[in-house]
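Chain residues, written in single-letter form:
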Amino acid sequence: MKPPVILEHIQLESEALGFQMVSDPLTGSLLKTLAASKPGGTFLELGTGTGVSAAWLLDGMDEDSQLISIENDATVASVAKKYLGHDKRVKFQIEDAAFWLNQVMNQKFDLIFADAWVGKYSYLEQALGLLKPGGLYVVDDMLPQPNWPSVDHVSKVNELVSILENTEDLVMTKINWSSGIVIATKVKR
Ligand SMILES: C[S@@+](CC[C@H](N)C(=O)[O-])C[C@H]1O[C@@H](n2cnc3c(N)ncnc32)[C@H](O)[C@@H]1O
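So, here's what we can say about the structure. All chains use their own residue numbering, which begins from 1 and follows the written sequence. Local features in a predicted model are, by the rule used here, given only for residues with pLDDT of at least 70; side-chain atom pairs are given and counted only at 80 or more, and totals for whole chains, interfaces and linings are based on all residues. The basis for every side-chain value is the complete set of non-hydrogen atoms in the structure, without hydrogens or water.

1. A word on the site of the ligand
Here is step 1: In these notes, residues near a molecule or strand are those with any non-hydrogen atom within 4 Å of it. The ligand sits among 19 residues. The nearest are Ser 23, Gly 47, Ser 53, Glu 71 and Asp 115.
Here is step 2: Under the rule applied, a polar contact is a pair of N or O atoms within 3.5 Å (in protein, one hydrogen donor and one hydrogen acceptor; residues adjacent in sequence only if both atoms are side-chain atoms). Between the ligand and Asp 96, the relevant distance is 2.8 Å, taken from a nitrogen atom to a side-chain nitrogen or oxygen of the residue.
Here is step 3: At a separation of 2.8 Å, a nitrogen atom of the ligand approaches a polar backbone atom of Ala 97.
Here is step 4: Expressed as a share of its isolated accessible area of 600 Å², the protein-covered part of the ligand is 87%.
Here is step 5: The residue makeup of the shell around the ligand, split by class, is 7 nonpolar, 6 polar and 6 charged. The protein chains shown are the only cover counted for residues, whose accessible areas, like all others here, come from Shrake-Rupley with a 1.4 Å probe. Amino acids outside the nonpolar list (Ala, Val, Leu, Ile, Met, Phe, Trp, Tyr, Cys, Pro) and the charged list (Asp, Glu, Lys, Arg) are all regarded as polar, and Gly is one of them.

Right, here's the structure in full:
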C-alpha cells in the first residue's frame, strides 16, 4: 500500500481527539484505487470524520476530479480541513447529511462513499439516486466491528444488504475483507 503522505498526521490528531471511527487502511487503499478509475470524476463522501478516507480518495483522484465531503461534527472535520482543506479538488461541508441529501439538486456522482448512518441506514434511496450510470456506491464496516451500536445492528446491516441486492438497477458484490465492504454499481435498466 502507498498511503497518502499526510495520513500519519491525520491519524495522530484523530488519536489525540479520541476519534476511533477512521477507515481501515485496506478500505482506504480500495477507495484510492476506485477513485483512480474515474478520471475527471465527481465524488461524494457522507461522514468525513477527521479526513482519513478523504485523504485516500484525494490520493487516487486526478487533477480534474472533485470531492464533496459532508460531516456534522465541526470538531472532527477541522482536522480534515487543516490537512486537506488547501486542496482545490475538495469541498468540506459542515452539515447534517440528511439535510444536504434532501436539498441537493442536479448533482450526480461517479462514486459515493457512504460512511455515516445517513446515506446507508437511512436516506439510502436519496443517496443511490445521486449515482451516475456506472457510478459506484461503497460502504464499509459491514462485518461485525467493536464500535457497532449494540442494539440490533446486525439486522440493520442485513436489511441494507438485502435492499442493495434487490435494487433492480444495481450490480453489487459483498467482499469479506477489510471491515466488510459492499460495492454496488448503478446500471441502466
Ligand atoms: C465512520 S465515521 C467517518 C469516518 C471517515 N469517513 C473515515 O473513513 O475516516 C462517521 C462520521 O459520520 C458523522 N456523522 C454522523 N451522522 C451524520 C450526519 N447526519 N451528517 C453528517 N455527518 C454525520 C460522524 O460525526 C462521524 O464523523
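2. Overview of unusual backbone geometry
Trans is the common state for peptide bonds, and a negative phi is the common state for residues other than glycine.
Here is step 1: In this model, Asp 141 sits at a positive phi of 55°, which is unusual for a non-glycine residue.
Here is step 2: Under the DSSP-based scheme used, a helix requires at least four consecutive residues in state H or I and a strand at least two consecutive residues in state E, with every element numbered from the N terminus. When you line up the elements, Asp 141 lands in the loop between β5 (131–139) and α7 (153–165).
Here is step 3: Exposure is judged per residue with a 1.4 Å probe applied to protein chains only, and the accessible area is read against the type maximum: over 50% gives exposed, under 20% gives buried, and values in between give partly exposed. Under the relative-accessibility criterion, Asp 141 is labelled partly exposed at 22%.
Here is step 4: Even without a glycine there, the phi angle at Ser 178 is positive, about 55°.
Here is step 5: Within the secondary structure layout, Ser 178 lies in the loop between β6 (170–175) and β7 (181–186).

This is a description of form; function is not addressed.
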